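# Descriptive structure summary
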Amino acid sequence: RKIMDLPGLPVSCTCVRIPTLRAHAEAITIETEKPVDLDRAYAVLNSSPGVAVADDLSANVYPMPLTATRKYDVEVGRVRKNDVFGDNGLDLFVCGDQLLRGAALNAVIIAEEVCLK
């Protein structure tokens, strides 16, 4: 906003400054076709296998590589409406142990689900 001299420019950002040893962290922005209901988004995240919601800013609980390391579940938090997409967008931050919850494990989990059907 400052560099472009556009104080009203809608911007959605997440800043994270943390050391990491073996966990990945990503800020994710999702644009949706329909308005996002935050309560429904939390309900879906809380009921999803492999996901651990870590989202209590008042208690300084949010996804961090340090707390996601050595866990199979991926931590998800900082869930909020996106300022750029308004009601049709969602921002969240995720951290996961890259050795325990990487592409190989996800492929095995998907294959197991396919075999069950």
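Look above for the structure.
Residues numbered from 1 in each chain as written. Predicted model: local features only at pLDDT ≥ 70, side-chain atom pairs only at ≥ 80, totals over all residues. Heavy atoms only, no water.

### Concerning the overall build of the protein chain
Check the secondary structure of the protein chain and you find three helices and four strands. Each helix and strand of the protein chain, ordered N terminal to C terminal, gives the series β-α-β-α-β-β-α. Along the longest, intermediate and shortest principal axes, the C-alpha atoms of the protein chain span 55 × 35 × 25 Å. The burial tally for the protein chain puts 23% of its 117 residues in the buried class. Computed over 13 positive and 16 negative side-chain charges, the inter-centroid distance for the protein chain is 4 Å. (Helix = DSSP H or I, 4+ residues; strand = E, 2+ residues; numbered from the N terminus. Buried < 20%, exposed > 50% of the residue type's maximum accessible area, 1.4 Å probe, protein only. Lys, Arg positive; Asp, Glu negative; His and termini not counted. Charge placed at Lys NZ, Arg CZ, Asp CG, Glu CD.)

### Details of the environment of Glu112
Within the secondary structure, Glu112 sits in helix α3 (residues 103–116). Put simply, Glu112 and Pro65 are 47 residues apart on the chain and 27 Å apart in space, counted from C-alpha to C-alpha.

### Focus: the sheet that holds strand β4 (residues 86–97)
Strand order across the open sheet formed by four strands is β1-β4-β3-β2, with mixed pairing between neighbours. What marks the edges here is a single partner per strand, and that holds for β1 (23–31) and β2 (51–53). Between one strand axis and the next, the sheet turns by 30° as a mean value, whatever way the strands run. Looking at chain direction, β1 and β4 are connected through nine bridges and run antiparallel. If you follow Ala23 over to β4, its bridge partner there is Asp97. Each of β2, β3 (74–82) and β4 touches helix α1 (residues 38–47); the most contacted strand, β3, lies at about 170° to it. (Pairing = 2+ DSSP bridges. Axes fitted to C-alpha atoms, helices over the stretch in contact; angles between N-to-C directions. Contact = heavy atoms within 4.5 Å.)

### Thoughts on the nonpolar core
If you look at the biggest cluster of nonpolar residues, it comprises eight residues: Val36, Ala41, Leu45, Val76, Val79, Leu90, Leu92 and Val94. Of all the secondary-structure elements, those providing two or more residues to this core are α1, β3 and β4. In contact with Val36, not counting residues within four places along its chain, are Lys81, Asp87, Asn88, Gly89 and Leu90. (Core = buried A, V, L, I, M, F, W, Y, C linked by side-chain atoms within 4.5 Å.)

### Let's talk about the layout of surface pockets
In this structure, the largest pocket spans a volume of roughly 250 Å³. As for the largest pocket, its lining consists of 16 residues, and the residues nearest its centre are Ile28, Val74, Val94, Cys95 and Gly96. Mapped by element, the contributors of at least two residues to the lining of the largest pocket are β1, β3 and β4. (1 Å grid on protein atoms, 1.4 Å probe; cavity = no way out; pocket = protein on both sides within 12 Å on 5 of 7 lines; lining within 4 Å. Points joined across faces, edges and corners; volume = space filled by probe spheres on them.)

### Description of unusual backbone geometry
The backbone of Arg70 sits at a positive phi, close to 70°, despite the residue not being glycine. Within the secondary structure, Arg70 is located in the loop between α2 (65–68) and β3. According to the relative accessible area criterion, Arg70 is exposed, its value standing at 65%.

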